[in-house]
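Read off the chains here:
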Amino acid sequence: MSGETGEPVSADGVRIELKGRITAYTAAPVWRSALDTLARNPDSPIVVDASQVEYADGVGVALLFDLIRRDRPVTAKVEIRHLAPNLGVLVRAHNPKDFATAVRGRTHPGIFEEVGRATMQQLAYVTQVADFVGECWGELRLAVTRRGRINWGDVLEIATEAGANGVPVVLLVGFLMGVIIAFQSGLVAKEFGAVIFVVNGVGFALLRELGPLMTAIVFAGRTGAAFAAQIGTQKVNEEVNAITTFGLSPIQYLVLPRLVASVLVAPLLTILADVVGLFGAALVMLKFDIGFVQFYHQLLGAVSAWDFILGIGKATVFALTIAAVGCQRGLATGAGATSVGLSTTSAVVTSIVLIIVIDGIFSVFTV
C-alpha cells in the first residue's frame, strides 16, 4: 500500500519500512505509525528503510526529516537508509540541531510593558513628525526665496477641491452652530431677563472658538483624509519612489502645494462659517424680540477686531496641522489598500486630537 510501514527487528535495530508514494494524502497514517514505533522502542536504534519509496512530496520529506530530528539517546538514533539521492539532498539540507530547541510558549505582556511599548511608539511617531515638519519648513523657506518652486496650478486645483467644494458643508455646520448656541443660551438667559447678552456670548464663541474649531474639524474630515488617501495611493503605486528616483523631492511636489492651498483656504472657510453662524443666531434672536439692527449694534459692542483676528490665526494653524498630518500619514503608508485606509483613518483622528490640543493652548495663552 502507498506509504506503508513495517516494524521487523534486525541485528542493527528496529526497522521501519517505507513503501510507495508518501504524499500529503497518504502521510498521516504512515507518520503516526512511525512515531508509535519510536515511542515503543525508546532505547533501541531505528533503521528506516526507504529503498521502496517511489515518490515523496514536501510532506513526505518533512516526515523523514522529523524522524531523524527526534531527541533520542545516542545509542538509539534514527538512521535512514537507501533513500533516493534527490530526496536525500532535501532531507540533509538542514541540520536537525537547528530545530532542537523547543518553541517558546507565547507570553502575554503585562500592563507596564504595554504602556512602555505604546509610549515608545508615540515617541517614535513624534520624532517622525518633527523630522517631517523640519523638511516642510525647509521647503517653505526655499519657496519664499526662490521663484518657481511652487506649482501654482496644483495649488489652485487643490484649493478648489479643499475649499470651494467644501463650502456647502461649512455653511451648514456654521449655520446650525449659530442657531443651536443662540437658542439654548436664549432659553436660559430669558429666565433672568438677560436675553440681550446672548448676542455677546454667541459672537465671542463663534469668532474665537467655534468658527475656526468646527471648520477645522470639517476640513480634517474632508481634506486631511483626502490628502492621506491621495498620497498613500501614490505611495502604494510606487509613484513616490519614482519621484525620488528622478532626484526630486516628494515634499516639494506633493506636500508643499497642499500646505499652501490649506493656508489659503481654511481662513476663508472660517470667515464664511462665522458670518453664516451669526446670521443663524440673529434669526433665532427674533424669537426673543431682538431685531437684526439691535443684534448688530450689540454684537459690535461685544466683540473686537482682536477676536476676529485670533479666530483667523487659529484657522491658519489648524490648516497647517491638518495638511501636515495628512501628508505625513500618506507618505508613511505601507503596502496594500488596507494601509491606505489605515493612513486615512489615522490622519483624521490625529488631526482632530491635535486641533483640540492646539485650541486649548490658544485658550490658555490668549485670555
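Check the entry above for the structure.
Just so it is clear, the structure is predicted and the values come from calculations on it, not from any experiment.

J.: Help me get a handle on the overall build of the protein, residues and values and all.
T.: Of regular secondary structure, the protein possesses twelve helices and four strands. A compact globule built from 367 residues would reach a C-alpha radius of gyration of about 21 Å, whereas the protein, at 36 Å, exceeds it by more than 25%. When the backbone C-alpha atoms are referred to their principal axes, the protein occupies close to 115 × 60 × 35 Å. Split into buried and exposed, the 367 residues of the protein put 41% on the buried side. Surface accessibility of the protein: about 20,300 Å² in total, with carbon and sulfur atoms responsible for 65%. Averaged over its 27 positive side-chain charges, the protein has a centre that lies 2 Å from the centre of its 29 negative ones.

J.: For the pairing of strand β3 (residues 46–56), give the residues involved together with the corresponding values.
T.: Taken residue by residue, a regular strand's side chains alternate between the two faces of the sheet. Summarising the sheet, strand β2 (residues 13–22) and β3 pair through eight bridges and their orientation is parallel. Across the sheet, the residue bridging to Ile 16 is Val 48, located in β3. Between the parallel pair β2 and β3, the chain is carried across by helix α1 (residues 27–40), and the sense of this crossover is right-handed. For β3 and strand β4 (residues 78–81), the ladder comprises four bridges, and the chain directions are parallel. For Asp 49, the partnering residue across the bridge sits in β4 and is Arg 81. The parallel pair β3 and β4 is bridged by helix α2 (residues 58–68), and the resulting crossover is right-handed.

J.: I'd love a proper account of unusual backbone geometry, names of residues and values included.
T.: Positioned with a positive phi, Glu 238 is a non-glycine residue whose angle comes to about 65 degrees. Mapped onto the secondary structure, Glu 238 falls in the loop between α7 (198–236) and α8 (239–245). The class of Glu 238 is partly exposed, set by a relative accessible area of 46%. If you check the backbone angles, Asp 289 has positive phi at about 65 degrees while not being a glycine. With respect to the element layout, Asp 289 can be found in the loop between α9 (250–285) and α10 (292–302).

J.: If you had to explain a nonpolar patch on the surface to someone new, which residues and values would you point to?
T.: A surface patch of nonpolar side chains, amounting to about 570 Å² of accessible area, comprises Leu 268, Ile 271, Val 275, Trp 306, Phe 308 and Ile 309. Breaking the nonpolar patch down by element, the ones donating at least two residues are α9 and α11 (305–331). Structurally, Ile 271 can be placed in helix α9.

The rules behind each value
Residues take numbers from 1 onward in each chain, read along the sequence in its written order. Under the rules for a predicted model, residues below a pLDDT of 70 receive no local features and side-chain atom pairs below 80 are neither given nor counted, while totals for whole chains, interfaces and linings still include all residues. Note: side-chain values were computed over all heavy atoms of the structure, leaving out hydrogens and water. In this description a helix means any DSSP run of H or I spanning at least four residues, a strand means any run of E spanning at least two, and both kinds are numbered starting from the N terminus. Based on C-alpha atoms, the radius of gyration is set beside the globule rule, defined as 2.2 Å times the residue count to the power 0.38. Note on exposure labels: buried denotes an accessible area under 20% of the residue type's maximum, exposed denotes more than 50%, and partly exposed covers the range between, all computed with a 1.4 Å probe on protein chains only. The protein chains shown are the only cover counted for residues, whose accessible areas, like all others here, come from Shrake-Rupley with a 1.4 Å probe. Lys and Arg are tallied as positive, Asp and Glu as negative. Neither His nor the chain termini are counted. By convention, charge coordinates are those of NZ in Lys, CZ in Arg, CG in Asp, or CD in Glu. When DSSP finds two or more bridges between two strands, those strands count as paired. Looking down the strands as they point away from you, a crossover is right-handed if its path from the first strand over the helix to the second goes clockwise. Residues enter a patch when their relative accessible area is above 30% and they make no salt bridge; the linking distance is 9 Å between like charges and 5 Å between nonpolar side chains (Val, Leu, Ile, Met, Phe, Trp, Tyr). Basic side-chain nitrogens of Lys or Arg form a salt bridge, by our definition, when they fall within 4 Å of a carboxyl oxygen of Asp or Glu.

So yeah, pure geometry; function would need other evidence.
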